[in-house]
Amino acid sequence: MAIAEQNLDSLTSAPQQAQSASWALASLSLATLLSSLGTSIASVGLPSLMQNFGATFQSVQWVVLAYLLAITTLIVSAGRLADMFGRRPLLLGGIALFTSASVLCGLAPTLWLLIAARTVQGLGAALMMALTLAFVAETVTKDRIGSAMGLLGAMSAIGTTLGPSLGGLLIAGFGWRAIFLVNVPLGVLTFALAWFALPARNENARADRGRFDAVGTVLLALTLAAYALAMTLGRGNFGAVNIGLLVAAGTGAFLFAAAQARVKNPLIQLASFRDLQLSASLVMSLVVATVMMATLVVAPFYLSRGLGLDAAMVGVVLSTGPLVSTLSALVAGRLTDRFGAHRMMVIGLLSLTTGTFLLSLAMTKLAIAGYVVPITVTCIGYALFQTSNNAAVMTGISAGQRGVVSGLLNLSRNLGLITGASLMGAIFAVASTKGQEGSGLLSSEAAARGMQVTFQAATVLALIALFLALLSARADGRAKPNVS
């Protein structure tokens, strides 16, 4: 009788649990949207900030850099804090911090106060980015993790796509302050949903709290900041400062590894990198992000100079990639749940490699179609890879490490974007100016040549990622033999 009553209770509570998971996933999706929107919407406001504050481009670019640096340097530490003290309070704190900082950004009277507020906003975004992936494993069943990851990927793509267009409309109608204040009502809504929908921390997990590794946190933050600055300062033109920062980053990485080997409760368990699948996933995430950054850095020059499109048409064509990524991510989640993460990861990277190879041909005779078709193939592959890779990693780790590993996944992606912006931009600059005299605008032939060489390099990187995916899938097959 007691068993029957227990089964009845489980059946009647199942719809309630499903509804609660849906609301929790909605709050995580909004948090993902906010953090990606915060990255993309600020870029369109830089010209207005230059005019309003009478500042140089080198000064106003820190409005974007401060946000990215805060995320990059703190995202792993944010994940560790969440593993120690609970993900729910940390995520709620991150949403509240992001929303409050958005108010400060919108009211900032000077440029440097705006930059300071953007740094705080980036801290809130780091907490949100580090914890949304970790929370998915707690809010949905294992057989639906792929779909949930696909939804988060779609929301991230929507935020990236929506930022420039929404920012332009807000600036035209209400001024530059509106691009930051628009986050406030969205932040309040996200906080309210998260407050009521996210599950509380399991009390049994509190026993493994440990101590926070402050020394490791500082060393990692300084190392990542040095690397990010080396990759972003000078806009790809390496000088003495960039080289010095890279040396500092290398030294910091060595000191961080030495510190982690000695401390009792390290920020990152270095032994976890012996796991081939985890290490391969992190490297693949970095490499794929580097490849995808080429489409953002190089494509505008190719479309405007190589194909001769006007600014409006360039914007329309460039929106193809994010739109395809958004739609593909939703489908990618279901495919991952049905066919398995590693299989879809390999298929995604095959599509990505094919797309970058087609882009390396830079067939100007095909006009817009010569870009749209390859970028569609590329972005479908990217969506498949991103969704399946996140699902594979987050389902294969213990609950106590989800925050840190989620932070590492986001960190690898951010480092890839930063690296791609510098590396791919430098390759394009060298290839497109080779043999071209003077300092005038790029010719159509030069832009096409730069596009070809850049995506030849991108194809090589994509092949490396594909090789790692095949190794990871083979290792997974050995670890889980078929016993049917």
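Summary of the structure given here. (Residues numbered from 1 in each chain as written. Predicted model: local features only at pLDDT ≥ 70, side-chain atom pairs only at ≥ 80, totals over all residues. Heavy atoms only, no water.)

Right, let's talk about the overall build of the protein for a bit. Helix and strand content of the protein: 19 helices and zero strands. Split into buried and exposed, the 484 residues of the protein put 50% on the buried side. Within the protein, residue pairs in contact and separated by at least 24 positions form 82% of the contacts whose partners lie at least 6 positions apart. Surface accessibility of the protein: about 21800 Å² in total, with carbon and sulfur atoms responsible for 67%. (Helix = DSSP H or I, 4+ residues; strand = E, 2+ residues; numbered from the N terminus. Buried < 20%, exposed > 50% of the residue type's maximum accessible area, 1.4 Å probe, protein only. Contact = heavy atoms within 4.5 Å. Areas by Shrake-Rupley, 256 points an atom, 1.4 Å probe, with all protein chains shown as cover.)

Turning next to the side chain of S36. Here S36 is to be found in helix α1 (residues 2-40). Among the polar contacts made by the side chain of S36, one reaches the main-chain carbonyl oxygen of L33 at a distance of 3.1 Å. Those residues in contact with S36, other than ones at most four positions away along the chain, are M155, S156, G159 and T160. (Polar contact = N/O pair within 3.5 Å; in protein donor to acceptor, adjacent residues only side chain to side chain.)

Here the focus is the packing of aromatic side chains. As enumerated under the stated definition, the model contains three aromatic pairs in all. Centre to centre, the rings of F191 and W195 are 6.1 Å apart; their planes meet at 25°, and the pair counts as stacked. Linking F191 with W195, this pair stays in helix α9 (residues 183-197), spanning four residues, or about one helical turn. The class of W195 is partly exposed, set by a relative accessible area of 45%. A network of ring pairs unites the aromatic residues F53, W176 and F180 as a single cluster. Directly above the aromatic system of W195 lies the positively charged group of R88, at a separation of 5.1 Å from the ring centroid. (Phe/Tyr/Trp six-rings, centres within 6.5 Å; stacked < 30°, edge-to-face > 60°. Lys NZ or Arg CZ within 6 Å of the ring centre and 35° of its normal.)

Turning our eyes to something else, we now look at the packing of helix α12 (residues 276-297) against helix α17 (residues 369-394). Where α12 contacts α17, the two axes come as close as 11 Å, and the packing angle between them is 155°. As far as their axial angle goes, α17 and α12 are roughly antiparallel. Between α12 and α17 lies a crossing of left-handed hand. Note on element contacts: α17 touches α12 through Y371, I375, T378, C379, Y382, F385, N389 and V393, opposite L278, S281, M284, S285, V288, M292 and T295. Along the lines of polarity and charge, the residues of the contact of α12 with α17 split into ten nonpolar, five polar and no charged. (Axes fitted to C-alpha atoms, helices over the stretch in contact; angles between N-to-C directions. Parallel < 35°, antiparallel > 145°, perpendicular 65-115°, else oblique. Left-handed = near helix turned anticlockwise from the far one by under 90°. Nonpolar A, V, L, I, M, F, W, Y, C, P; charged D, E, K, R; others polar.)

The next thing to look at is the packing of helix α7 (residues 145-174) against α17. Running from amino to carboxyl end, α7 crosses α17 at an angle of 130°, the nearest separation of the two axes being 9 Å. The angle between α7 and α17 falls in the class oblique. The crossing of α7 and α17 is right-handed. Taken together, the residues of α17 that come into contact with α7 (itself represented by I145, G146, M149 and G150) are T387, N390, A391 and M394. In terms of residue class, the contact of α7 with α17 is built from four nonpolar, four polar and no charged.

That's the geometry; what it means functionally is another story.
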